[in-house]
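Fold and contact review
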Amino acid sequence: MSGVQPEKLRGRQGKAICALLLATSILALLRSTPLHAQETELRGEVSESAILSDQQRKARNLVLAQQAAANAAAQDNASARTYLPASAGAVPDDADAANSTTSVFDPPQAGDDASADAPTPPKPRRASTARQNAADKAKDKVADKKKKKKNTMAATDPTTTATTAATDDTADIAADQEAANRRALTIDSADKQKLDPGAERTAAIEGQNKKPEDDPFAATGVKWGSFIIRPTIEQGLTATTNGDSSSAGTSALLSETALRFTAASDWRENAATIDGYGIFRETVSGYPVHDAQGRIEGQLNVDLDNDLRAIAKLGYEAVPESASSPDAIAGVSTQPLRQTIDGSIGVEKAVGKMQYTLTGAVSHDFYGDAKLSDGTSLSQKDQDNTLYTATLRTGYEISPALTPFTEIEVGRRAYDQRIDNEGFERSSTRLGARAGLQLDMGEKLSGEFSAGWLREAIDDNSLEAISGATLNADLKWSPQRGTTIGLTGKTTVETTTTSGESGDILYSGRLTGERVIRSNLTANAALGLDWRDYVGIDGHDRILSAEAGLTWWLNRYAGLTSRVRTEKLTSNLPGRDYTANSIFVGVKVQR
């Protein structure tokens, strides 16, 4: 019986080793599942349902792994079951069994043969680190669950204790799994968040804090180098009762084209502006009219050292002689063209509250030939002249809004032909003085006005000097936003080559008004009064005019415009009275 026992022990040991290896393999396969899950983690955007199902699968796998680890730990800690043979006598007696460890790994009992080698008892097998860690975690979780169950039982009714404990365990496991398997946020996850359908639309970047335009239909202009140019063209038809505004004029239908432009520099310190216009009129039917006129003028402002400021101007104008002018030639098909080139340069200096301005100006007029009805021409060279003037202006600034001033002007008018065709020396010496007030109240009221006396003495003693009071004004008043009232006044000395006459003084006044009814609808009106006082004869002319217009902008670049005008000249000289009424309808385009 003792000879069979070693074989039985070796069989039991082999089976135990196989079972141990099998359990270890299963545990290793189960523990590799979380690592494999991390390696196969999805990348990119996934749906919420896919994420939820994946988390539930991982939670189930972890629970199974924990249960397997707990079972393996319990198996290692449990004592070996005593082997009970099928036949009696296959095991030692009870006395011997009491001395045995009843383990399949116990060494065999010593026999009667003393010379037999006593086998060395094997060292106890140490549990693996992975198995021991799993067992420790299982024990800790079991202890935590027991504590939670005790707390839940103490705080709840006994009938619901089991249900509450099971719910807490499931919640804890789900929370642990969610924290362990939560997907890391991507860099652009904030940009890919779902939009709230009820949220307001975010304004565009360029539209935030955008200041509304004061005039949304104003010309935007065209950038050209360092200048911004704003061109305008106006084309339409004019129906008038007097084609050329003369005592012999009759009704006509005219095609009228007006070109205008302004250019302003975009410099940091100094400034320059250029203004120009051109008007062309041609007869469509009725009284024959073929004329063109225009002007271009530039101004340059330069800041110098020592608080000096220089202002330079240069201009050119071409205008046909008006049929109502005192120098108009009767019986001609085309009045002579008068061209003017003028320029000036001035220097301003402020010393405390005193302001000084010295300006020098030159203006040259030259005339073309008049075309007579018989096809011949009549020279007007004897009217060509040049005017040189120098003006000194002194002002005192009472306040930033009020500056009274005085002006002294001296000049000389020189004719290209010293003695005209009638034998008169038309050159003259000019002297004038004025006093006025300059206003600067911002957009509310700005401008200036002055009054004085002007004398131009002709070299020929047989001709009377041209002298008289002068009135000049240029004011703009805005009583309310969108309304502008303007007042202009000017005194001009008009020379002549008519035999025995010196010339005349022309006083011109104009009151204008403009009202922005709507952002795309503008109304304007004007009243005019001209008074011409002849020197050397008892004669005068009075010209009254009134005008009203309306412009409707279709968009920022195009609009419809119309205006009505009436003008009447009354004179005490024969053959000068006339009345002209007209209406214009056209299209206006700007850029």
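Residues numbered from 1 in each chain as written. Predicted model: local features only at pLDDT ≥ 70, side-chain atom pairs only at ≥ 80, totals over all residues. Heavy atoms only, no water.

What follows covers the overall build of the protein chain. Counting secondary structure elements, the protein chain contains five helices and 22 strands. Across the 591 residues of the protein chain, 26% fall into the buried class. By sequence separation, contacts in the protein chain at least 24 residues apart represent 55% of the contacts at least 6 residues apart. Only carbon and sulfur atoms are counted for the fraction: they give 57% of the accessible area of the protein chain, which is about 38200 Å². (Helix = DSSP H or I, 4+ residues; strand = E, 2+ residues; numbered from the N terminus. Buried < 20%, exposed > 50% of the residue type's maximum accessible area, 1.4 Å probe, protein only. Contact = heavy atoms within 4.5 Å. Areas by Shrake-Rupley, 256 points an atom, 1.4 Å probe, with all protein chains shown as cover.)

Our next topic: the nonpolar core. Among the nonpolar cores identified, the biggest contains five residues, and these are L454, I466, V493, I505 and V535. Setting aside residues no more than four positions away along its own chain, V535 makes contact with E464, A465, I466, S502, G503 and D504. (Core = buried A, V, L, I, M, F, W, Y, C linked by side-chain atoms within 4.5 Å.)

Its place among the elements puts E256 in strand β3 (residues 252–265). Judged by relative accessible area, E256 falls into the buried class, the value being 12%. Only 2.9 Å separates the side chain of E256 from the side chain of T238, close enough to count as a polar contact. Ignoring anything within four residues of it in the chain, the contact list for E256 reads E234, Q235, G236, T238, I279, F280, R281, R563 and F584. (Polar contact = N/O pair within 3.5 Å; in protein donor to acceptor, adjacent residues only side chain to side chain.)

Across all of its chains, the model carries 25 salt bridges by this definition. Between R510 and E547 there is a salt bridge, with its nearest N and O atoms 3.8 Å apart. Of this pair, R510 sits in strand β18 (residues 503–518) while E547 sits in strand β20 (residues 540–553), and the two are 37 residues apart along the sequence. On the basis of relative accessible area, R510 is assigned to the partly exposed category, the value being 32%. Note that R565 and E567 form a salt bridge whose closest N and O atoms lie 2.6 Å from each other. (Salt bridge = Lys/Arg side-chain N within 4 Å of Asp/Glu carboxyl O.)

Right, let's talk about the pairing of strand β9 (residues 354–367) for a bit. Taken residue by residue, a regular strand's side chains alternate between the two faces of the sheet. Pairing analysis gives 14 bridges linking strand β8 (residues 337–351) to β9, with the strands arranged antiparallel. The residue bridging I345 from the neighbouring strand is G360, located in β9. Counted between consecutive antiparallel strands, the loop separating β8 from β9 contains two residues, among which G352 sits at a positive phi close to 65 degrees. Strand direction decides the pairing type here: β9 and strand β12 (residues 385–396), joined by 12 bridges, are antiparallel. (Pairing = 2+ DSSP bridges.)

Pairing of strand β5 (residues 290–303) with strand β6 (residues 308–320) involves 10 bridges; the strand directions are antiparallel. Residue L300 lies in a different strand from β6, and its bridge partner there is A312. Here β5 folds back onto β6 in antiparallel fashion, the turn holding four residues, of which N306 has a positive phi close to 60 degrees. By the bridge criterion, 13 bridges tie β6 to β8 in an arrangement that is antiparallel. By the bridge assignment, P320 is partnered in β8 with L337.

In this model, the protein chain carries a mean pLDDT of 80, and residues with pLDDT of at least 70 account for 70%. This stretch, residues 94–130, has a pLDDT under 50; its non-local contacts, to residues over four places away or in other chains, come to 17 contacts. (pLDDT = per-residue confidence, 0-100.)

Our next topic: the environment of W224. Here W224 shows up in strand β1 (residues 222–224). Each C-alpha atom of the pair W224 and S265 lies 9.5 Å from the other, and the pair is 41 residues apart in sequence.

This paragraph deals with the packing of aromatic side chains. Counted under the stated rule, the structure contains one aromatic pair. Their ring planes at 75 degrees and their centres at 5.7 Å tell us that F227 and W267 sit as a pair that is edge-to-face. One end of the pair, F227, is in strand β2 (residues 227–240); the other, W267, is in the loop between β3 and β4 (271–286), with 40 residues separating them in the sequence. Residue class for F227 comes out buried when judged on its relative accessible area of 18%. (Phe/Tyr/Trp six-rings, centres within 6.5 Å; stacked < 30°, edge-to-face > 60°.)

Strand order in the open sheet formed by three strands is β7-β10-β11, and the pairing between neighbours is antiparallel. Since the sheet does not close on itself, it has two edges, and those belong to β7 (332–334) and β11 (377–378), each with one partner. Across two bridges, β7 lies against strand β10 (residues 370–372) in antiparallel orientation. Paired with V332 across the bridge in β10 is L372.

Turning next to the environment of T512. The residue T512 is located in strand β18 in this model. For T512, a relative accessible area of 32% puts it in the partly exposed group. As a C-alpha pair, T512 and T484 span 28 residues in sequence and 8.2 Å in three-dimensional space.

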